[in-house]
Each structure stands twice: as C-alpha cells, then as structure tokens.
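Notes for the structure review
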Amino acid sequence: MKKIGFLLILLFALTSTMEAQKSPKSIAKGTIDKVDIEINYCAPSVRGRTVWGSMEKYGKVWRAGANENTTVSFSKKVMIDGKELPAGKYGFFIIPNEKGDWVAIFSKTNDQWGAYSYKQSEDALRVNITPSKTKNSQEQLKYSVGKKSINFAWEYVNLSILISTK
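Let me begin by describing the structure that accompanies this report. (Residues numbered from 1 in each chain as written. Predicted model: local features only at pLDDT ≥ 70, side-chain atom pairs only at ≥ 80, totals over all residues. Heavy atoms only, no water.)

A word on the pairing of strand E10 (residues 149-162)
As a reminder, the rule being used: Each residue's exposure class comes from its accessible area (1.4 Å probe, protein chains only) as a fraction of the maximum for that residue type: buried when under 20%, exposed when over 50%, partly exposed otherwise. Secondary structure elements follow DSSP: runs of H or I no shorter than four residues count as helices, runs of E no shorter than two count as strands, and numbering proceeds from the N terminus. Should DSSP find at least two bridges between two strands, the strands are taken to pair.
Of all the 14 residues making up E10, ten are buried; the element is thus mostly covered by neighbouring parts of the structure. Both strand E9 (residues 132-145) and E10 contribute to a ladder of seven bridges, which runs antiparallel. Each bridged residue has a counterpart across the sheet, and for Ser-132 the counterpart in E10 is Asn-158. Hairpin connection between E9 and E10: a loop of three residues separates the two successive antiparallel strands.

Examining the nonpolar core
Heads up, the rule is: Only buried residues count toward a nonpolar core. Its members are Ala, Val, Leu, Ile, Met, Phe, Trp, Tyr and Cys residues joined through side-chain atoms within 4.5 Å. Should any heavy atoms of two residues lie within 4.5 Å, those residues are counted as being in contact.
Membership of the largest hydrophobic core comes to 36 residues, with the highest contact counts inside it found for Ile-37, Phe-74, Ile-80, Phe-106 and Tyr-143. Per element, the largest residue contribution to this core is six residues, and it comes from E10. Setting aside its immediate chain neighbours within four residues, Ile-37 contacts Ala-28, Lys-29, Gly-30, Ile-32, Val-72, Ser-73, Phe-74, Val-145, Ile-150 and Ile-163. Counting five residues, the second largest nonpolar core, distinct from the first, contains Phe-93, Ile-95, Ile-105 and Tyr-118.

Concerning the sheet that holds strand E8 (residues 123-129)
The line we're drawing: To get an axis, a line is fitted to the C-alpha atoms, and for a helix only the part in contact is used. The angle between two axes follows their N-to-C directions and goes from 0 to 180 degrees.
Ordered in space as E1-E2-E3-E6-E7-E8, the six strands form an open sheet in which the pairing is antiparallel. Each having just a single partner strand, strand E1 (25-32) and E8 make up the two edges of the open sheet. Averaged over all pairs of adjacent strands, the angle between strand axes in this sheet comes to 25°, irrespective of strand direction. For strand E6 (residues 88-95) and strand E7 (residues 102-107), the ladder comprises five bridges, and the chain directions are antiparallel. In the sheet register, Gly-91 faces E7, and the bridge partner there is Ser-107.

Examining the pattern of salt bridges
Our working rule: Between Lys or Arg on one side and Asp or Glu on the other, a salt bridge is scored when a side-chain nitrogen of the former is within 4 Å of a carboxyl oxygen of the latter.
All told, the structure shown has five salt bridges when counted by the stated rule. Its salt-bridge partner being Lys-29, residue Glu-38 comes within 3.7 Å of it at the nearest N-O pair. With a relative accessible area of 26%, Glu-38 lands in the partly exposed category. Assessed through its relative accessible area of 59%, Lys-29 is described here as exposed. Its salt-bridge partner being Arg-126, residue Asp-123 comes within 2.6 Å of it at the nearest N-O pair. For Arg-126, a relative accessible area of 27% translates into the label partly exposed.

Overview of unusual backbone geometry
Positive phi outside glycine occurs at Asp-33, with the angle close to 50°. Structurally, Asp-33 is set in the loop between E1 and strand E2 (35-42). A relative accessible area of 37% means that Asp-33 is categorised as partly exposed. Despite not being glycine, Glu-155 has its phi angle at roughly 55°, a positive value. Among the structural elements, Glu-155 can be located in strand E10.

Below, the structure is given as structure tokens:
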C-alpha cells in the first residue's frame, strides 16, 4: 500500500511539473506615473487550439492565465476607467464576451487556484475593456506594462487597461 501511495505522489508531482512547464510562471513589471506595477501569471500557449469561445468560454469568469491566480500589484492607488483602486495586490480575472466589451476584474482575493472559488462579492473593481483583434497570433499569453496601460495579448486578442493616478 505504501508503494502505491508513493507512486501516486510521484505521478502527481511529475504531472504537475510537466503542466507547469507548459505554462511557465512569468512576471511583467513597470511603472506608470510613479506607481510600480507587477503582474504575476502563468503563461499558457495556444498549441493549435482555439482559445476564445472554446477553451476559454464566452461569458464565464477566467483566471486570466493558467494554474494559480494571475495577480496584479499596485504600489499606490490608481484610477481605472475613472474608478479608484487602492494600492495592493489583487487577483485578476477576465470575462471574455463573443461580442462587445470584455470585463476585467480586480478581486480582493489573490490566492486562489483558478476561478473555481471566485465570488463577485469579493470584487474590488470591475471595468469594461474593448478587445482588439490581430492578424498575427500571440502563441504564449503575454502581459506587459506600457506607458499608460496594462497590456494583454493571447491568440488573436489584445487588451489594454488604461491606468492613471488622477
């Protein structure tokens, strides 16, 4: 029985390691108007799949990365879509929609695995963002901090969330 337990643990560890390699941990950092911003995420790849509407369902809360929650940290309070968001570390989620704007969610809970335990009552801020489509596919999910925005690119979709301090 001990051998079976050991083998199961070993199999789980190997599987977890293989999955982590498919979606490596990544960090995007930058500064906007003297606010330090850090995005921690696991970056899945397209690998020939259809992402939006298939792998990631329209109208459903998505963890905005792979594995554990994507998190976004701000060193000072910021304004997003005219709404104040205090300094801190937030779980970051996205609701993709087939048509129209998508929803970006900054959650007070930043230590979940995926979106399985997501609760709207824990939202610190929700904003609508307009996706743009690209001709060239971004194979691996990528976040970046631009001069005035947090940027997201994966498959044929780009998102920009404007950040200000006023």
